[in-house]
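Secondary and tertiary structure notes
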Amino acid sequence: MSATSSTQVVPQTSPVPRHVAIIMDGNGRWATQRYLPRVAGHVKGVDAVRIIVEACAERGIEFLTLFAFSSENWRRPAEEVSLLMRLFMTALEREVAKMHLNDIRLKVVGDLSRFDAKLRAMIADAERRTANNKRLTVTICANYGGRWDITQAVNKMIAARTAAGIAGAADTDADAADFQEADLEPHLAMAYAPEPDLFVRTGGEERISNFLLWQLAYTELYFTETYWPDFDDAALGAAIDSFQQRERRFGRTSEQLVAKKKAS
Ligand code: IPE
Ligand code: IPE
Ligand code: MG
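Along each chain, the written sequence defines residue order, and numbers are assigned to residues from 1. Following the order in which they are written, the chains are lettered starting with A and the ligands numbered starting with 1. Whole-chain, interface and lining totals are the exception, using all residues; otherwise, since this is a predicted model, local features are given only for residues with pLDDT of at least 70 and side-chain atom pairs are given and counted only at 80 or more. With hydrogens and water stripped out, all remaining heavy atoms of the structure feed into the side-chain values.

**A few points about the overall build of the protein**
To keep it simple, the criterion reads: Here a strand is any run of E in DSSP of at least two residues, a helix any run of H or I of at least four, and the numbering for each starts at the N terminus. Values of the radius of gyration come from C-alpha atoms, whereas the globule rule sets the reference at 2.2 Å times the count of residues to the power 0.38. Here's how the labels work: a residue is buried when its accessible area is under 20% of the maximum for its type, exposed when over 50%, partly exposed in between, all with a 1.4 Å probe on protein chains only.
In terms of regular secondary structure, the protein is built from eight helices and six strands. Walking the protein from its N terminus toward its C terminus, one meets helices and strands in the order β-α-α-β-α-β-α-β-α-α-β-β-α-α. The C-alpha radius of gyration of the protein comes to 20 Å, within 12% of the 18 Å expected for a compact globule of 264 residues. When the backbone C-alpha atoms are referred to their principal axes, the protein occupies close to 55 × 50 × 35 Å. Sorting the 264 residues of the protein into buried and exposed places 46% on the buried side.

**Regarding the packing of helix α2 (residues 38-58) against helix α3 (residues 78-101)**
Each pair of packed helices can be summarised by the angle the axes make with each other and by the distance between the axes. Applicable threshold: Think of each axis as a best-fit line through the C-alpha atoms, taken over the contacting stretch in the case of a helix, with angles from 0 to 180 degrees between the N-to-C directions. Small angles under 35 degrees read as roughly parallel and large ones over 145 as roughly antiparallel, with 65 to 115 read as roughly perpendicular and the rest as oblique. By convention, the crossing between two helices is left-handed when the near helix turns anticlockwise from the far helix through less than a right angle, and right-handed when the turn is clockwise. Should any heavy atoms of two residues lie within 4.5 Å, those residues are counted as being in contact.
Two elements in contact, α2 and α3, have axes whose closest approach is 11 Å; the angle formed by their N-to-C orientations is 30 degrees. Between α2 and α3, the angle falls in the class roughly parallel. For the pair α2 and α3, the crossing hand works out as right-handed. Packed against α2, whose contacting residues are R38, V39, H42, V43, V46, R50 and E54, the element α3 presents E80, L83, L84, L87, A91, E95 and K98 at the interface.

**Details of the site of ligand 1**
Selection criterion: Being near a molecule or strand, for a residue, means having at least one of its heavy atoms within 4 Å of it. N or O atoms within 3.5 Å of each other form a polar contact, as long as, within protein, one can give a hydrogen and the other can take it, and as long as residues adjacent in sequence are counted only when both atoms are side-chain atoms. Each accessible area is a Shrake-Rupley result for a 1.4 Å probe, and residues are judged covered by the shown protein chains and nothing else. Residues are grouped as follows: Ala, Val, Leu, Ile, Met, Phe, Trp, Tyr, Cys and Pro are nonpolar; Asp, Glu, Lys and Arg are charged; every other residue, Gly included, is polar.
Residues in close proximity to ligand 1 include M24, D25, G26, N27, G28, R29, R38, H42, A68, N73, R76 and L84, which together make up its full environment. Residue R38 places a side-chain N or O atom 2.8 Å away from an oxygen atom belonging to ligand 1. Burial of ligand 1 by the protein chains amounts to 87% of its free accessible area of 380 Å². For the shell around ligand 1, the elements supplying multiple residues, two or more each, are α1 (27-33) and α2. Among the elements that make up the shell around ligand 1, the one with the highest residue count is α1 (three residues). For the shell around ligand 1, the per-class residue count stands at three nonpolar, five polar and four charged.

**What about the site of ligand 2?**
Around ligand 2 sit I23, M24, D25, F67, A68, F69, S70, N73, R76, R201, R207 and S209, and that is every residue in its neighbourhood. In this structure, D25 approaches ligand 2 through a side-chain N or O atom, which is 3.1 Å from an oxygen atom. For ligand 2, the protein covers 77% of the area, taking 390 Å² as the surface of the free molecule. Take the shell around ligand 2: its biggest share by element is four residues, from strand β2 (residues 63-70).

**Structural notes on the pattern of salt bridges**
The following threshold applies: Whenever a carboxyl oxygen of Asp or Glu lies within 4 Å of a side-chain nitrogen of Lys or Arg, that contact is scored as a salt bridge.
In this structure the tally under the stated criterion is 18 salt bridges. Its salt-bridge partner being E62, residue R18 comes within 3.0 Å of it at the nearest N-O pair. Taken together, the positions of R18 in the segment before β1 (19-23) and E62 in the loop between α2 and β2 put the pair 44 residues apart, joining distant regions of the chain. The partly exposed category is assigned to R18, whose relative accessible area is 30%. For E62, a relative accessible area of 32% translates into the label partly exposed. Taking the shortest distance from any N to any O, the salt bridge between R207 and E205 comes out at 3.7 Å. On the basis of relative accessibility, which here comes to 46%, the residue R207 falls in the partly exposed class. In this structure E205 comes out as partly exposed when scored by relative accessible area, which is 24%.

**Considering the nonpolar core**
Where we set the bar: Only buried Ala, Val, Leu, Ile, Met, Phe, Trp, Tyr and Cys residues count toward a nonpolar core, and they belong to the same one when joined by side-chain atoms within 4.5 Å.
With 44 residues, the main nonpolar core has I22, L64, L92, L136 and V138 as its most contacted residues. Counting residues per element, this core draws most heavily on α3, which supplies eight residues. Those residues in contact with I22 that sit more than four places away from it in its chain are I52, L64, T65, L66, F67, V200, F211, W228 and F231. Membership of the second largest hydrophobic core comes to 15 residues, among which are F67, C141, M190 and L212.

**Examining the packing of aromatic side chains**
For clarity, the cut-off: Each pair of aromatic rings taken from Phe, Tyr and Trp, with Trp reduced to its six-membered ring, is defined by centres within 6.5 Å and is described as stacked if the planes are under 30 degrees apart, edge-to-face if over 60, and tilted in the remaining cases. We call a charge positioned over a ring when the NZ of a Lys or the CZ of an Arg lies within 6 Å of the ring centre and within 35 degrees of the ring normal.
Applying the stated criterion across every chain, the model contains ten aromatic pairs. Ring centres of F67 and F211 lie 4.5 Å apart, and the angle between their planes is 10 degrees; on these two criteria the pair is classed as stacked. With F67 in strand β2 and F211 in the loop between β5 (198-201) and β6 (220-223), this pair connects stretches of sequence that are 144 residues apart. Judged by its relative accessible area of 0%, F211 falls in the buried class. Ring plane angle 50 degrees and centroid distance 6.4 Å describe the contact between F199 and F211, whose orientation is recorded as tilted. With F199 in strand β5 and F211 in the loop between β5 and β6, this pair connects stretches of sequence that are twelve residues apart. An identical accessibility class is assigned to F199 and F211; each is buried. Through successive ring pairs, a cluster of aromatic residues spans F67, Y144, W148, F199, F211 and F223. Positioned over the ring face of Y192 is K107, at 4.6 Å from the centre of the ring.

Next up, the structure:
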């Protein structure tokens with residue numbers, strides 16, 4: 001597993017973030033501002049995804065995680081939800097071959113059980129085709145929620161312990177359970193990735209909206225007013241510039257970091 005836990009071990013850091021996680025927000029407002037229907041913003045948002053995937057590959061970022069549809073987005077008008085699903089399918093159809101050629105691995109995480117069978121089959125096929133690609137891993141979070149992720153991980157952890165006959169399994173007294181962070185982590189949906197170094201939310205809101213709750217423990221947060229359809233390589237560059245100004249202490253003091261730098 002390539003993932004290490006920021007609360008267990010101080011992670012290696014680098015000037016270029018290894019993992020960037022983005023809440024792609026502001027599609028609707030982008031469209032409304034232009035007197036266009038909200039869907040026009042989502043269509044334009046797909047173009048921005050293409051641009052940012054390429055930009056991340058060029059910049060040597062290893063993991064890009066994009067929040068495409070939250071577990072709460074089902075609350076939107078049915079028309080908008082079904083349009084988003086159709087857009088997702090078309091984008092998969094159109095983009096996967098090119099991603100594969102560019103050595104990009106695609107993963108889709110979230111509660112996929114609510115998607116129709118055709119979409120699920122397309123996702124499985126795209127993941128299978130790109131599974132051995134190394135340059136960049138793009139994860140699309142679809143029907144994803146941070147609380148869903150933690151809950152499903154707990155369920156899997158308990159099931160695994162039951163299967164192995166360990167205390168804390170489903171059929172034993174809860175008092176006997178002594179779960180550690182490290183027991184849960186392998187069951188999280190993105191266990192294959194290191195924790196995000198940089199979180200970006202476009203569209204001006206400053207909230208997490210039930211994105212990667214567990215994984216963002218020590219992630220640097222960056223918020224920009226720019227609507228997602230306008231987010232390009234230069235905007236990503238500005239986010240990385242801001243990231244490079246931060247001192248990532250992981251609980252330590254600034255003096256400790258300075259001393260460590262001098263020693264190396
Ligand atoms: C983000 O843009 C896309 C999804 C949540 C699917 P929005 O659709 O939330 O755009 P705003 O926030 O209404 O502008
Ligand atoms: C978060 O955006 C989810 C995605 C971008 C997929 P929302 O637009 O749904 O978030 P809230 O409702 O403003 O918090
Ligand atoms: Mg929004």
